Amino acid sequence: MPSPDTLLQFFGLAVLLALSPGPDNLFVLMQSIQHGWRTGLLVVLGLCLGVCGHTLAVAMGLAALLAASPQLLTLLKLLGAAYLLWLAWGAWHAPVAARAPDAMLPHQTQPAAAHAPDAKPHSRQALRCIGRGLVMNLSNPKVLLFFLAFLPQFTQPARGPMGTQIMALGAVFALSTLLVFGAIAFFSGSFGQALQRSARMQRVLNRSASIVFAALALRLLIAQVQ
């Protein structure tokens, strides 16, 4: 295991990296504003699972094999971009279900609340949201290459097997991601809840999310992974 000082230093750097603007925190921001903070937190959980997946790949040496295969990295990048474009299409064509509170009839209050953006997702919806964050993270080869270059720098041969140390560092990185992105999801989701009371604002948010997802797909396509 890495020393406590190393883990503390690594945690501070991981928090700074999570706070810096990037596709993952922007993805959490838009998902939370569009669907509510509960959905945002589930997406964050999926992203953290993706972090664990990248960490495992580095610890097992799979990341080095992928890094040596430009074809596989390109395929991974194309799959990630296709997924983001699919999300963009879905957000652009999403139905508008929000109503202003003063426009709802008394007997419509409960059905409308059931479809509110901050309503607790069902189990199948929850798994879909977690999967959304997981795919978003795992399909970005730049994250894999970053972990391959970043995590080994904090290992110490005298502290035990490198694989074990890398897994510990990945867990710390996942924790920092959960804390920072969770805060983003909560606050942006609460803000989005107020906006979603207007059908017009919901339409604007859906279209904005679509544009953001399409821009992230384009960014992924044109990014150099090596």
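Counting starts from 1 at the beginning of each chain's written sequence and moves along it residue by residue. The model is predicted, so local features are restricted to residues of pLDDT at least 70 and side-chain atom pairs to those at 80 or more, both for listing and for counting; the totals for chains, interfaces and linings are taken over all residues. Processing note: side-chain calculations cover all non-hydrogen atoms of the structure and skip hydrogens and water entirely.

Participant: Describe the overall build of the protein, with residues and values.
Facilitator: Each helix corresponds to a stretch of at least 4 residues labelled H or I by DSSP, and each strand to a stretch of at least 2 residues labelled E; elements are numbered beginning at the N terminus. On a plain count of helices and strands, the protein comes out with 10 helices and zero strands. Of the contacts made within the protein by residues no fewer than 6 positions apart, 87% connect residues no fewer than 24 positions apart. When the accessible surface of the protein is totalled, it reaches about 11,900 Å², and 70% of it is carbon and sulfur. Contacts between residues were defined by any pair of non-hydrogen atoms, one from each residue, lying within 4.5 Å. Per-residue and other accessible areas follow the Shrake-Rupley method at a 1.4 Å probe size, with only the shown protein chains counted as cover for residues.

Participant: Which residues make up the UniProt feature "transmembrane region" (unreviewed entry) in the protein, and what values go with them?
Facilitator: UniProt positions are given in the numbering used here, feature names are shortened, and annotations may be inferred rather than shown by experiment. The UniProt record annotates "transmembrane region" (unreviewed entry) at residues 6–29, 41–66, 72–92, 134–154, 166–192 and 204–222. Helix makes up 100% of residues 204–222 and strand 0%, with an end-to-end C-alpha separation of 27 Å.

Participant: Quick rundown of empty space enclosed by the protein? Include the residues and the values.
Facilitator: Within this scheme a cavity is a closed region of a 1 Å grid, computed over the protein atoms alone, that accommodates a 1.4 Å probe without allowing it to escape, whereas a pocket is open but has protein on both sides within 12 Å along at least five of seven lines; lining residues each have an atom within 4 Å of a point. Grid points are joined across faces, edges and corners, and a volume is the space filled by probe spheres set on the points. Considering all chains together, one arrives at one cavity of 30 Å³ or more under this definition. Residue lining of the largest cavity: 11 residues in total, with P23, L84, N140, L216 and L220 positioned closest to the centre. Elements with a minimum of two residues in the lining of the largest cavity: α5 (70–92) and α10 (199–222). Among the elements that make up the lining of the largest cavity, the one with the highest residue count is α10 (three residues). All residues other than Ala, Val, Leu, Ile, Met, Phe, Trp, Tyr, Cys, Pro, Asp, Glu, Lys and Arg, Gly among them, are scored as polar; the first ten of these are nonpolar and the last four charged. Residues that form the lining of the largest cavity fall into these classes: six nonpolar, three polar and two charged.

Participant: Can you tell me about a nonpolar patch on the surface, naming the residues and giving the values?
Facilitator: Note that patches include only residues with greater than 30% relative accessible area and no salt bridge, and the join distances are 9 Å for like charges and 5 Å for nonpolar side chains (Val, Leu, Ile, Met, Phe, Trp, Tyr). One speaks of a salt bridge when a side-chain nitrogen belonging to Lys or Arg is within 4 Å of a carboxyl oxygen belonging to Asp or Glu. Where nonpolar side chains cluster on the molecular surface, the patch consists of L56, M60, L62, L65 and M167 and spans about 490 Å² of accessible area. Every element with two or more residues in the nonpolar patch is listed here: α3 (37–60) and α4 (62–67). By secondary structure assignment, the location of L56 is in helix α3. The buried label goes to any residue with under 20% of its type's maximum accessible area, the exposed label to any with over 50%, and the partly exposed label to all in between, with areas taken from a 1.4 Å probe on protein chains only. L56 gets classed as partly exposed once you look at its relative accessible area, which sits at 40%.

Participant: Hey, could you go over the layout of surface pockets for me, with residue numbers and the actual values?
Facilitator: One number sums up the size of the second largest pocket: a volume of about 440 Å³. Lining the second largest pocket are 20 residues, with L17, P23, D24, V143 and F146 positioned closest to its centre. At the level of secondary structure, the elements contributing two or more residues to the lining of the second largest pocket comprise α1 (4–19), α2 (23–35), α3, α8 (141–150) and α9 (162–195). Tallying contributions element by element places α8 first for the lining of the second largest pocket, with four residues. Among the residues making up the lining of the second largest pocket, the classes are represented as 11 nonpolar, six polar and three charged.

Participant: So what's going on with the environment of A171? Which residues, and what values?
Facilitator: As for its placement among the helices and strands, A171 is situated in helix α9. Taking relative accessible area as the criterion, A171 reaches 45% and is therefore assigned partly exposed. Sequence separation between A171 and C48 is 123 residues, and the spatial gap between their C-alpha atoms is 8.9 Å.

Participant: Describe the side chain of H54, naming the residues involved and giving the relevant values.
Facilitator: As for its placement among the helices and strands, H54 is situated in helix α3. Exposure remark for H54: the relative accessible area of 3% places this residue in the buried category. Polar contact is the term for a pair of N or O atoms within 3.5 Å; when the atoms are in protein, one must be able to donate a hydrogen and the other to accept it, and sequence-neighboring residues count only if both atoms are side-chain atoms. Only 3.0 Å separates the side chain of H54 from the backbone oxygen of N137, close enough to count as a polar contact. Excluding its chain neighbours within four sequence positions, the residues that come into contact with H54 are N137, L138, N140, V143, L144 and F147.

Participant: Give a detailed account of the nonpolar core, specifying residues and quantitative values.
Facilitator: By nonpolar core is meant a set of buried Ala, Val, Leu, Ile, Met, Phe, Trp, Tyr and Cys residues that side-chain atoms within 4.5 Å join together. Grouped together as the largest cluster of nonpolar side chains are 45 residues, with contacts concentrated most on F10 and F213. Ignoring sequence-local partners within four residues, the contact set of F10 consists of F150, L151, F154, L169, V172 and F173.

Participant: Give me the lowdown on the packing of aromatic side chains, citing residues and values where you can.
Facilitator: Here a pair means two rings of Phe, Tyr or Trp (six-membered ring of Trp) with centres within 6.5 Å. Their orientation is stacked below 30 degrees between planes, edge-to-face above 60, and tilted elsewhere. Going through the model one piece at a time under the given rule, you end up with nine aromatic pairs. When the ring of F10 is compared with that of F173, the centres are 6.2 Å apart and the planes differ by 55°; the resulting orientation is tilted. Here the residue F10 occupies a position in helix α1, and F173 occupies one in helix α9, the gap between them amounting to 163 residues. There is no split in this pair, since F10 and F173 are both buried. Aromatic pair F147 and F173: ring centres 5.0 Å apart, planes at 70°, arrangement edge-to-face. A residue pair is termed long-range when its members are at least 10 positions apart, and F147 in helix α8 and F173 in helix α9 qualify at 26 residues. By the burial criterion, F147 is buried, and F173 matches it.

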